[in-house]
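# Analysis of the macromolecular model
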Amino acid sequence: MTEYEAIIGLETHIQLNTETKIFCACKADSWGDPANSNICPVCSGLPGVLPVLNRAVVEKAVLLAKAMHAEVQSDSYFDRKNYFYPDLPKGYQITQNDHPIALGGYMDLPLPDGGTRKVGITKLHMEEDAGKTKHEHGRRLVDFNRCGVPLIEMVTAPDLRSADEVAAYLIRLRQLLRWLDISEADMEKGHLRADANVSIRLKGETGLNEKTEIKNVNSIESLRTAVEKEIARQIREVEAGNAIEAWTLDWDEDTQSLSKMRSKETMADYRYFKEPDLLVVRLDEAWESAILADFPELPLARRERFVREYGLPEYDADILTSERSLSDYFESVNQAYGGDPKRVSNWLMNDVLRLLNEQGLEAKDLKVTPGYLAEIIKLVDANTINTPTGKALLEKVQQTGQPPKEIVEAEGLAQVSDTGLIREIAARIVAENPDSVEKFRGGKEGLMGWFVGQVMRESKGKADPNLAREVLEELLKG
Amino acid sequence: MSAMELCDLSAYELAALIRKREISAVEALESTLERIELVDGRPGSLDAGEITAEDHAKVHAFITRTEETARAQAQAVDKSISEGVIPGPLAGVPYTVKDIFNVRGTRSTAGSRILSNYTAPYTATAVERMEKAGAVMLGKVNLDEFTHGSSSESSAYQPAPRNPWDTSKVPGGSSGGSTAAVAAGMGALSLGTDTGGSIRQPAAFCGVVGLKPTYGRVSRYGLIAFGSSLDCPGPVARNVRDAAMMLSVIAGPDRRDSTAVTIPVPDYTAEIEAGVKGMRIGLSPDFFKIQYFNHESGQMEEEPISDEIKQAVEQAADRLSEMGARVVENVPMPRTKYGIPTYFVISRVEVASNLHRFDGVKYGYRTPVPAEDLDELYRRTRAEGFGAQPKLRILMGMYVSAAQYSEQYYQRALRVRSLIRGDFERIYDPQGEYRLDALLTPATPTPAFGYGDVYGDTVLMQYADQFTVTGNHAGVPGLSLMGGLSKERLPLGIQLLGRDYDEATLLRIGRAFEVATEDAAWRKVRPQVLEGLS
């Protein structure tokens, strides 16, 4: 059986989360807005208008370039890419061609086997988005809302080797984009778009074979499936002695299948030339250092540090650094708590994450401040409250925003550690359930859990369960 | 000679009289409207029918007249002044706008069928500044289609403008409507544009003052682009002071144009009377011949320029010398001869791209023939909507920017352009050999040519811009003004080219020349169309 390997490169378009568009003052994000409601003479290409560059776009591009280890250029230029299409009102797209904002770069992609795949970046530049067209009732409609929305086009080298690596790369990229607050990076909403160039070759070969391009996929999972299917198709074709043709393939989400959009014939000539309406983008040292002044520790570095510094398992570190505000939250709780980081991690991974998912929040939006969570954990540690009460308390703090201690006092949640009171309750239960006592003594020791449960219930959950168990053992065995 | 009317007064005089309430803005306007009635004839239109003998005797500066809004603006100026508020330095001064600028609520055609039904929803920055200064817009004036020409004949709106000095001649172009209007008293000022000479050449043909400011001095926002790296909006006026006043109003940074520089704008009238004593003004032999590439012989060939123009320039140099300027002769400007070929490449690449947006999808003309598909819609719309000039320029622009030719043509032209810039840097270098304050040249190789004489020969037409176009490549300012009259009673234009952002010096020299020639016989002669008017 011949062994093949897949050679995959990704062309991504990242919609930046700036307030306004790249060359005018229109609102950038039109998600859910009516067609043509965020447009002006500039982005709809009226005669006589001129673009003016939004500095925030440059700033976000620099952040991404830095994170991708790319070389930020002090001078970069915009170019015109000329072509006709109804969604392109000027008849050219303003993009960067031969002097982009950054050159080179890579991402270190951790692989499941513990290794790392170094994914090269061959292109990273700023550009404007085009609009949208659709057919409706036999007419073709255009919506210019998206015209002029800022994008970064980022293209990888053909360095990915499987559908899983494609998904892993996009998950890491999405994490990074959100981490840097560059993009919402939501593939479903088109904030992050990825086309995959796929080819195969025999293992051990070094050349590149004809590739196909997969377009119009709008989730990471679907892209994984699409790439998997395309690799399988190419292997089948080659095995059958057929040549791979340079097709562009369209993904159909409903049928989960690829179909041929067009053959790639000759390369279009876009007649690029420098955009005379914009000046050189000069990134002087002062501006660059201002942009990079608050450059954060990146997720992979932080993940590694969490393992090293806090002794967390890789698994915990990975989840805690999946999102920047969660990882910040972890560190703040940990600092306020001052105890075992793994204990804090457990609280975050079990209870805090559930809360965040249920309420659709980010950690930074929690009413349970890091200080409050540390306090809750300490209350449990000190046996002031038991663990279930602690978890309930977390929810209450999130609902009310009140300090945990106040809630504990106001609601009398403090755990009963009074042996006398617990003994009284336990004795009553033992007296009221002679049958169960009989069975327990006859060897059904599993009933201990039931007895403890009864004590907890009688004490309205406030009894220290360990203490209850001790007392019960004494009463039942004694 | 006929009596002077209010409409013949300069912007400076009109503004002063109106400010002092000696006349009203409405009176100034009515006088101007009356002049338009007398001399302009019918405005340009797409379905002009036969051009009659009567048409031949008129100026036809306008495409769209805006009398009603003009009256409202003039009344508002008068009301404001009666309440003690001066709306601005040009309050009540009637002016026209080349129909390449967007003015909200008016038809903005660019002289093309493809924009025949286009009403602009916003106003160009330069026009907005004129409005704010209190100037009263009379309407939109004719031009070569998309500014592509040097005679104004290529407009889709016929009859095309004619030269007020001799209506059998062209007014020049592409701002021919602007210069003809100003010469004939149809507005004291006009807002034009200059990409290769389109203000200075028609100003020379019509005997008025035309100023191409430094690239970036006046915002291009709202100007329908031709060659984006070359286009400069600028004033057309009857004298230097008026041009200076207008430049002070329209110049300056604009947050909607990132190529509009942030350098502060001086009051260009402040030093205008300071004279030329001690100034160094150059004459270059490279501006006293036409050099062109003969595609039959394959050689660069030379032809002399009009003797009368040569003499006008030499006499101007003498006058300035008498006033204390130092005239520096034999200043080499060796790349002048490459100006036109370089322009043929750069402007075409830019315009091919700039005209992409006219596709029948969003606004403007769309073919009435139902199209099978999108490509057919584009093809038909553009084939029917564009005239010959835009089509030729698009074709050439597409060709020289194509991947396989770009290096040979476009990239090379850009390198030549920086060499041309180098010529200017050398002569203005304060540490250099020449240390010039300005270069004095002919504005055009010949006086106004006959209607229909050159039209159709795109290459020959373009050579009308040989002396102006290098200023656009280099970005430097240029002032064109009348330097005499030919035996045929046609204006002879001289040009002053200056340093970056130093329009003030050019205006000062221009004003000194006006003072020096105040009593010259040719100053007393008025354009033919004004003769016999009472």
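Here the residue numbers are simple positions, counted from 1 along each chain's written sequence. Working convention: letters from A go to chains and numbers from 1 go to ligands, in the order in which they are written. Thresholds applied to this predicted model are a pLDDT of at least 70 for local features of residues and 80 or more for the giving and counting of side-chain atom pairs; totals over whole chains, interfaces and linings are not thresholded and use all residues. Excluding hydrogens and water, the side-chain values take into account all heavy atoms of the structure.

## Observations regarding the overall build of chain A
Strands here are runs of E lasting at least two residues and helices are runs of H or I lasting at least four, both read from the DSSP assignment and numbered beginning at the N terminus. Each helix and strand in chain A was counted, giving 15 helices and 17 strands. We take the radius of gyration over the C-alpha atoms and set the globule estimate at 2.2 Å times the residue count to the 0.38 power. Relative to the globule expectation of 23 Å for 478 residues, the C-alpha radius of gyration of chain A, 30 Å, shows a markedly less compact shape. By its C-alpha atoms, chain A is 95 × 60 × 50 Å across when sized along the principal axes. Residue exposure (1.4 Å probe, protein chains only): buried if accessible area is under 20% of the type maximum, exposed if over 50%, otherwise partly exposed. Taking all 478 residues of chain A together, 49% fall into the buried category. When contacts within chain A are restricted to residue pairs at least 6 apart in sequence, long-range pairs at least 24 apart make up 69% of them. Here the Shrake-Rupley method, with its probe set to 1.4 Å, supplies the accessible areas, and only the displayed protein chains count as covering residues. Total accessible area on chain A stands at roughly 22500 Å², and carbon and sulfur atoms take up 48% of it. Of note, chain A has its 60 positive side-chain charges centred 2 Å away from the centre of its 80 negative side-chain charges. Note on contacts: a residue pair qualifies if any of its non-hydrogen atoms lie within 4.5 Å across the two residues. His is not counted, nor are the chain ends, whereas Lys and Arg count as positive and Asp and Glu as negative. Each charge is placed at NZ for Lys, CZ for Arg, CG for Asp and CD for Glu.

## Points about the interface of chain B and chain A
Contact with chain B, which involves 39 residues of that partner, is made by 30 residues of chain A. Simply put, the buried area is the total loss of 1.4 Å probe accessible area from both parts when two parts are fitted together. For the pair chain B and chain A, the two sides together bury roughly 2800 Å², of which 59% comes from carbon and sulfur. Of all residues in chain B, S258, H356 and R357 of chain B give up the largest surface area on contact with chain A, accounting jointly for 23% of the area buried on that side. Between Lys or Arg on one side and Asp or Glu on the other, a salt bridge is scored when a side-chain nitrogen of the former is within 4 Å of a carboxyl oxygen of the latter. Our count for the chain B to chain A interface comes out at one salt bridge. Any N or O atom pair separated by 3.5 Å or less is treated as a polar contact, with the protein-specific requirement of one donor-capable and one acceptor-capable atom, and with residues adjacent in sequence counted only for side-chain atom pairs. In this structure, the connection of chain B to chain A is made through 21 residue pairs in polar contact (both at pLDDT 80 or more). Put simply, the parts of the chain that give the side of chain B that touches chain A at least two residues each are α10 (339-354), α11 (374-385) and α12 (388-401) of chain B. Considering only residue class, the side of chain B that touches chain A consists of 19 nonpolar, 12 polar and eight charged. Residues are sorted three ways: Asp, Glu, Lys and Arg are charged, Ala, Val, Leu, Ile, Met, Phe, Trp, Tyr, Cys and Pro are nonpolar, and all the rest, Gly among them, are polar.

## Concerning the pattern of salt bridges
Residues and elements named next belong to chain A. A complete count under the given rule lists 69 salt bridges over all chains for this structure. Residues E304 and R308 are paired through a salt bridge, measuring 3.2 Å at the closest nitrogen-oxygen approach. Of the two residues, E304 and R308 both sit in helix α5 (residues 299-310), four residues apart, roughly one turn of that helix. Of the residues examined, R308 reaches a relative accessible area of 54% and is grouped as exposed. What you see here is one network of salt bridges that share partners, running through E297, R302, R305, E309, D328 and E331.

## Considering a nonpolar patch on the surface
Residues and elements named next belong to chain B. A cluster of nonpolar side chains, namely F293, M300 and Y338, defines an oily patch on the protein surface of about 280 Å² accessible area. By secondary structure assignment, the location of F293 is in strand β8 (residues 289-294). Owing to a relative accessible area of 43%, F293 belongs among the partly exposed residues under this scheme. Each patch is built from salt-bridge-free residues with over 30% relative accessible area, joining like charges within 9 Å and nonpolar side chains (Val, Leu, Ile, Met, Phe, Trp, Tyr) within 5 Å.

## Observations concerning the packing of helix α12 (residues 419-432) of chain A against helix α14 (residues 447-458) of chain A
A packed helix pair is summarised by two numbers, namely the angle formed by the two axes and the spacing between the axes. Residues and elements named next belong to chain A. Lines are fitted to the C-alpha atoms to define the axes, a helix being fitted only along its stretch in contact, and any angle between axes, read from their N-to-C directions, falls within 0 to 180 degrees. α14 packs onto α12 with a crossing angle of 120° between their chain directions and a minimal axis gap of 10 Å. Taken as axis vectors, α12 and α14 run oblique relative to one another. The interaxial crossing formed by α12 with α14 has right-handed handedness. Residues I422, I425, A426, R428 and I429 of α12 lie in contact with α14, whose contacting residues are F451, Q454, V455 and E458. Throughout, the term roughly parallel applies to angles under 35 degrees, roughly antiparallel to angles over 145, roughly perpendicular to angles from 65 to 115, and oblique to all others. In a left-handed crossing the near helix is turned counterclockwise from the far helix by less than a right angle, and in a right-handed crossing that turn is clockwise.

## Here we look at the pairing of strand β7 (residues 106-110) of chain A
Residue and element names in this part refer to chain A. Covered by surrounding structure in β7 are M107 and L109 only, the residues Y106, D108 and P110 on the alternate face being uncovered. In the sheet, β7 pairs with strand β8 (residues 116-128) via five bridges, with the strands oriented antiparallel. In the strand pairing of β8, D108 is matched with K118. Between β7 and the antiparallel strand that follows it, β8, lie five residues; G114 among them carries a positive phi value of about 95°. In this analysis, strands are considered paired if DSSP registers two or more bridges between them.

## Concerning helix α9 (residues 370-381) of chain A
A helix's residues, less one, multiplied by 1.5 Å, set its expected span. Across its 12 residues, α9 of chain A extends 16 Å between first and last C-alpha, which sits within 8% of the 16 Å expected from 1.5 Å per residue. Packing partners of the buried residues in α9 of chain A comprise α7 (324-337), α8 (341-359), α10 (387-400) and α11 (404-411) of chain A.

## Some words on unusual backbone geometry
Glycine aside, the phi torsion of most residues is negative, and most peptide linkages are trans. All names here are of chain B. For the bond from Q158 to P159, the omega torsion is 0°, close enough to zero to count as cis. If you trace the backbone, P159 turns up in the loop between β3 (136-141) and α6 (176-183). The omega torsion of the bond from G173 to S174 falls at 10°, within 30 degrees of zero and hence cis. Along the chain, the position of S174 falls in the loop between β3 and α6. A positive phi angle is found at F146, which is not glycine, with a value near 55°. Judged by its relative accessible area of 0%, F146 is buried.

## Things to note about the packing of α8 of chain A against α9 of chain A
Residues and elements named next belong to chain A. At a minimum axis separation of 11 Å, α8 and α9 run at an interaxial angle of 110°. In terms of axis orientation, α8 runs roughly perpendicular to α9. When you trace α8 past α9, the crossing you get is right-handed. Of α9, the residues touching α8 (which contributes R343, V344, W347, L348 and V352) are L373, I376, I377, V380 and D381. Class assignment for the residues of the contact of α8 with α9 results in eight nonpolar, no polar and two charged.

## Quick notes on the domain arrangement of chain A
All names here are of chain A. Either an automatic procedure or a domain database provided the assignment from which the domain bounds are taken. Taken domain by domain, chain A consists of domain 1 (4-289), domain 2 (299-411) and domain 3 (419-477). With seven residues of domain 1 in contact, the opposing surface of domain 2 contributes 10 residues. Surface buried jointly by domain 1 and domain 2 totals about 740 Å² across both partners, of which 63% is contributed by carbon and sulfur atoms. Taken as a group, R172, Q175 and W179 account for 77% of the area that domain 1 buries against domain 2, more than any other trio of residues on that side. Its salt-bridge partner being R172, residue D318 comes within 3.3 Å of it at the nearest N-O pair. Across the contact surface, domain 1 and domain 2 share three residue pairs in polar contact (both at pLDDT 80 or more). Residue contributions to the side of domain 1 that touches domain 2 peak at four residues, all from helix α2 (residues 163-179). A class-by-class count of the residues in the side of domain 1 that touches domain 2 yields four nonpolar, one polar and two charged.

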